[in-house]
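Given next are the chains, with one letter for each unit.
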Amino acid sequence: MVHDFEPGWDAYTERPGHQLPVDLAFADVRPEHCQALVIPGGRAPEYIRTDPDVARIVRYFFERGLPVGTICHGPQVPAALGLLRGRTTAAFPPLKTDMEMAGATFVDAPDVVDAAMVSCRGRPDLPEWSRAFMRVLEGANVSL
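So, how was this worked out
Residues numbered from 1 in each chain as written. Predicted model: local features only at pLDDT ≥ 70, side-chain atom pairs only at ≥ 80, totals over all residues. Heavy atoms only, no water. Pairing = 2+ DSSP bridges. Helix = DSSP H or I, 4+ residues; strand = E, 2+ residues; numbered from the N terminus. Axes fitted to C-alpha atoms, helices over the stretch in contact; angles between N-to-C directions. Buried < 20%, exposed > 50% of the residue type's maximum accessible area, 1.4 Å probe, protein only. Salt bridge = Lys/Arg side-chain N within 4 Å of Asp/Glu carboxyl O. Phe/Tyr/Trp six-rings, centres within 6.5 Å; stacked < 30°, edge-to-face > 60°.

Student: What is the right way to look at the sheet that holds strand S3 (residues 37–39) in this model?
Tutor: Strand order across the open sheet formed by four strands is S3-S4-S8-S7, with mixed pairing between neighbours. With one partner strand each, in any of the chains shown, S3 and strand S7 (112–114) form the two edges of the open sheet. The sheet shows a mean angle of 15° between the axes of neighbouring strands, taken without regard to direction. With three bridges connecting them, S3 and strand S4 (residues 68–71) associate as parallel partners. Each bridged residue has a counterpart across the sheet, and for valine 38 the counterpart in S4 is glycine 69.

Below you can see the structure in the form of structure tokens.
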């Protein structure tokens with residue numbers, strides 16, 4: 001689904017998105033072969049946050065302080081794993097209470113940086129989020 005934001009609306013609209021083939025299952029991901037993690041938003045986070053392999057992958061990055069980017073609903077994944085306690089995050093604004101219940105400080109901003117984690121509210125924030133995430137990647141000496 002593609003979430004579009006209509007002026008004056010409190011919620012987003014959903015439109016059909018692009019269907020891309022999956023070329024690697026979560027069970028086959030070897031996080032030690034990766035330098036950074038991005039958890040996009042949309043509907044997926046509410047489903048993938050219960051997958052044990054997703055938990056394994058996400059914990060790997062958080063436990064090592066490696067770069068993690070979250071977009072829109074993406075913070076639902078580390079929140080469900082207890083990884084946002086004491087952290088500062090942005091998220092889709094209606095998730096504010098969920099983030100606070102997970103122990104995070106919610107910030108309504110386009111590019112929230114907390115150590116190696118960079119978060120934003122949604123697709124309209126991607127320019128600011130991308131610049132902030134690139135700075136985190138450069139600071140972590142991630143080969144681009």
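Okay, back to it.
Student: Honestly, the pairing of strand S8 (residues 117–120) in this entry has me stumped. Any pointers?
Tutor: On any regular strand, side chains alternate: one points to one face of the sheet, the next to the other face. Of the two faces of S8, both are covered, the one formed by Met117 and Ser119 as well as the one formed by Val118 and Cys120. Where S4 lies against S8, four bridges are found, and the strand directions are parallel. Its bridge partner lying in S8, glycine 69 is registered against valine 118. Looking at chain direction, S7 and S8 are connected through three bridges and run antiparallel. Bridging across to S8, valine 113 finds its partner in valine 118. In this antiparallel pair of consecutive strands, S7 and S8, the connection spans two residues, and alanine 115 shows a positive phi of 55°.

Student: Explain the pattern of salt bridges here, please?
Tutor: Summed over all chains, the structure comprises six salt bridges. Here arginine 56 makes a salt bridge to aspartate 53, at a shortest N to O gap of 3.2 Å. Of this pair, arginine 56 and aspartate 53 are both found in helix H2 (residues 52–63), three residues apart, which corresponds to roughly one turn of the helix. A relative accessible area of 31% means that arginine 56 is categorised as partly exposed. When the shortest N-O distance is used, the salt bridge between lysine 96 and glutamate 100 registers 2.8 Å. Here glutamate 100 and lysine 96 lie together in helix H4 (residues 96–101), a separation of four residues that amounts to about one turn. By relative accessible area, lysine 96 is classed as partly exposed at 38%. It is possible to trace a salt-bridge network through shared partners that takes in Asp108, Arg121 and Asp125.

Student: Mind showing me how you'd approach the packing of aromatic side chains here?
Tutor: Pairs of aromatic rings are described using the distance from one ring centre to the other and the angle between the two planes. Enumeration according to the criterion identifies two aromatic pairs in this entry. Where tryptophan 129 meets phenylalanine 133, the ring centres are 5.0 Å apart and the plane angle is 15°; that geometry is what we call stacked. Here phenylalanine 133 and tryptophan 129 lie together in helix H5 (residues 126–139), a separation of four residues that amounts to about one turn. When sorted by exposure, tryptophan 129 lands in the same class as phenylalanine 133, which is buried.

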